[in-house]
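Overview (structure and organization)
Spelled out from the first residue to the last, the chains are:
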Amino acid sequence: MSPRSLTLSLATEADTIRLGEDLALAVTAGDCLALRGDLGAGKSTLARALLRAVADDDYLEVPSPTFTLVQNYDLRLPVAHFDLYRLSDERELEEIGFSDALDAGVCLVEWPEKAGQALPADRIDVDIAFDQGGRRVTISAIPDRLQRIERKLAIRSFLDGHGYRDATRRHLIGDASTRAYEYVYPAAGKRMVLMDAPRRPNGPPIRDGKAYSQIVHLAEDVYPFVAIATSLRERGFAAPEILESDCEAGILLLEDLGTETILDESGKPAPDRYRGALACLARLHDTDFDRDISLPSGHIHHVPDYDRTAMKMETELLIDWHLPWRRNGTPATAAERQEYLAIWDDLIDQLDDVEKTLVLRDFHSPNIIWRGGEEGIRRVGLIDFQDAMIGPSAYDVVSIVQDARVTVERDLADQLMTGYLALRRAHGTFDEGTFLKAWSIMSAQRACKLAGLWVRLLQRDKKPGYMKHMPRTLWHLSIAFEHPVLAPLREWCLKAGIEPAESAL
């Protein structure tokens, strides 16, 4: 692919620093930034600003690598800062560890012309020139790299347009989807959170002309998040306030609910906080929500059903990904698939008479903020609910009691269930028997989905870190199998060679 270019005018040194901060949010491992410009043009200022932004340290020492040739920084994203002015031969580039640094993270290169043809062809060229008392910066890169930079510059324009020109931006987190989050520190006032969520591109059609994300009702833009946040806040729940928005661009500036989680300092479940989260969930399940939510823009979000098609598609992750992985590449037979899907058809039929309510879908430790200074349900900050649906209320109880990312020991899980059931019984008509049946079915459904998802993330998306959750997921499946309604699925798994784990380890 041929490179494309964009040109920026920087009036002051502060503008150069802002550009460095924006580039720090755009770059990722494997990026090489080649900085060119006359002495005093601002290459070192730009490099220093980028490094300090990645480090989230405004006072990070950034010595010139002129004499050492390279300075390495072990940061959130490893960065190697090269100054090639004293390089005598381009072959020396490998001797000072360029390839290893590029594999591990980002390479910032000053005096790139000294490297001849040794720098990667898909590098990002940043040319800085004097221009009428300021600077003119031209950034050239292949389209996918330049698009990342353009996106971060568009967010800067969004902030500028809403009165936050002097705001400082820092990386917060990127999740398993296309979303990313930043902290925004205005010149005056409280820290905010920016959601960067461009419209989700649909994958290839896999069934009835629809992509996987459409079948399982994953949000394609930010309108569902805005709608659900509005609905939750109107009912007294602690969802973030939408401070500013450009929904078409997929940019939201949000209230910062805080950084505390429901885990303790060692990363284990804090029982009192989990109890608070279950109490919040019990209140949510006793609350009515509209199916069609109108926004001031005129957009109407219809909360979809957690329907049979979505549930079955998610359970197919087990047979499509987990089973072949367990069998060293051998897929399920046609007979195995037919029997497995028939079992799930019967289980889903048995959900017809269970309680249905708003399902947040990922109500577990990464998505719950603990706000100890608040009271009641306001102590529980809710985020990441854009994929919410109307479905069995038991699903979200499964999500937290069988937390996908951290082990909730069985004694605590049982206590949490007892507390939740007591709260539900105290607030009106509640059929505990059908709820427990639904809980077991949704526990098995979620475990089958995750057991396949972890393998898909490993094999298709090259994200092996999620496989550490597999033993815990299979343990959760074994707990679901304790209910008699799951006997057919338990027998199928045993015949297929999928043995649920006896513990989370």
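Going by the structure above, here's the rest.
Quantities reported herein were computed from a predicted structural model and do not represent experimental measurements.

Conventions and cut-offs
Residues numbered from 1 in each chain as written. Predicted model: local features only at pLDDT ≥ 70, side-chain atom pairs only at ≥ 80, totals over all residues. Heavy atoms only, no water. Helix = DSSP H or I, 4+ residues; strand = E, 2+ residues; numbered from the N terminus. Rg over C-alpha atoms; globule rule 2.2 N^0.38 Å. Buried < 20%, exposed > 50% of the residue type's maximum accessible area, 1.4 Å probe, protein only. Contact = heavy atoms within 4.5 Å. Areas by Shrake-Rupley, 256 points an atom, 1.4 Å probe, with all protein chains shown as cover. Core = buried A, V, L, I, M, F, W, Y, C linked by side-chain atoms within 4.5 Å. Salt bridge = Lys/Arg side-chain N within 4 Å of Asp/Glu carboxyl O. Polar contact = N/O pair within 3.5 Å; in protein donor to acceptor, adjacent residues only side chain to side chain. Pairing = 2+ DSSP bridges. Axes fitted to C-alpha atoms, helices over the stretch in contact; angles between N-to-C directions.

1. Focus: the overall build of the protein
A tally of helices and strands in the protein yields 15 helices and 18 strands. In terms of C-alpha radius of gyration, the protein reaches 26 Å, essentially the compact-globule figure of 23 Å for 505 residues. By principal-axis analysis of the C-alpha atoms, the protein measures approximately 75 × 50 × 45 Å. Counting only residues that meet the buried cut, the protein has 52% of its 505 residues in that class. Put simply, 68% of the contacts in the protein that link residues at least 6 apart link residues at least 24 apart. Counting only carbon and sulfur atoms, one obtains 49% of the accessible surface of the protein, whose full area is about 22600 Å².

2. Quick word on the nonpolar core
Core analysis: the largest hydrophobic core is formed by 105 residues, its most contacted members being Leu232, Leu358, Ile400, Leu489 and Trp492. No other element matches the 13 residues that helix α13 (residues 432-459) contributes to this core. In this structure Leu489 touches Tyr340, Ile343, Trp344, Ala444, Cys448 and Phe481, once residues within four positions along its chain are discounted. Counting residues in hydrophobic clusters, the runner-up holds 33 residues, among them Leu10, Leu19, Ala47 and Leu75.

3. Quick look at the pattern of salt bridges
The final tally for this structure, using the stated rule, is 50 salt bridges. A salt bridge links Glu255 to Arg233; the shortest N-O distance between them is 3.5 Å. Taken together, the residues Glu255 in strand β12 (residues 251-255) and Arg233 in helix α7 (residues 223-234) connect sequence positions 22 residues apart. Between Asp362 and Arg446 there is a salt bridge, with the nearest N and O atoms lying 3.7 Å from each other. Linking Asp362 in the loop between β15 (356-359) and β16 (368-370) with Arg446 in helix α13, this pair joins segments that are 84 residues apart in sequence. It is possible to trace a salt-bridge network through shared partners that takes in Glu21, Asp22, Asp56, Asp58, Arg151, Lys152, Arg156, Arg169, Arg170, Glu182 and Asp196.

4. Regarding the side chain of Thr16
Among the secondary structure elements, Thr16 is positioned in helix α1 (residues 13-26). Beyond its immediate sequence surroundings of up to four residues, Thr16 is in contact with Leu10, Gly42, Thr45 and Leu46.

5. Description of unusual backbone geometry
Even without glycine at this site, Leu69 takes up a positive phi of about 75°. Positioned with a positive phi, Trp111 is a non-glycine residue whose angle comes to about 55°.

6. Focus: helix α14 (residues 470-480)
Most of α14 sits inside the fold, with nine of its 11 residues counted as buried. Of all the positions in α14, only Met470, Arg472, Thr473, Leu474, Trp475, His476, Leu477, Ile479 and Ala480 are classed as buried. Residues of α14 that are buried sit in contact with α9 (308-326), α12 (410-425) and α13.

7. Some points on the environment of Lys462
By secondary structure assignment, the location of Lys462 is in the loop between α13 and α14. Among the polar contacts made by the side chain of Lys462, one reaches the main-chain carbonyl oxygen of Gln459 at a distance of 3.1 Å.

8. Some remarks on the environment of Lys268
Looking at where Lys268 falls in the secondary structure, it is placed in the loop between β12 and α8 (271-285). Exposure remark for Lys268: the relative accessible area of 55% places this residue in the exposed category. In sequence terms Lys268 and Ala167 are 101 residues apart; their C-alpha atoms lie 35 Å from each other. Residue contacts for Lys268: discarding those within four places in its chain leaves Ile262, Leu263 and Val406.

9. Overview of the sheet that holds strand β6 (residues 124-131)
A sheet is described by the order of its strands in space; here seven strands give the open sequence β1-β7-β6-β2-β5-β4-β3, paired in mixed fashion. At either margin of the open sheet sits one strand with a lone partner, and together these are β1 (4-10) and β3 (70-73). When strand polarity is set aside, the average angle formed by the axes of neighbouring strands in this sheet is 15°. Judged from the four bridges that link them, β3 and strand β4 (residues 79-83) form a sheet pairing that is antiparallel. What sits directly across from Val70, in β4, is Phe82.

Everything listed here is a matter of geometry and, on its own, says nothing about what the molecule does.
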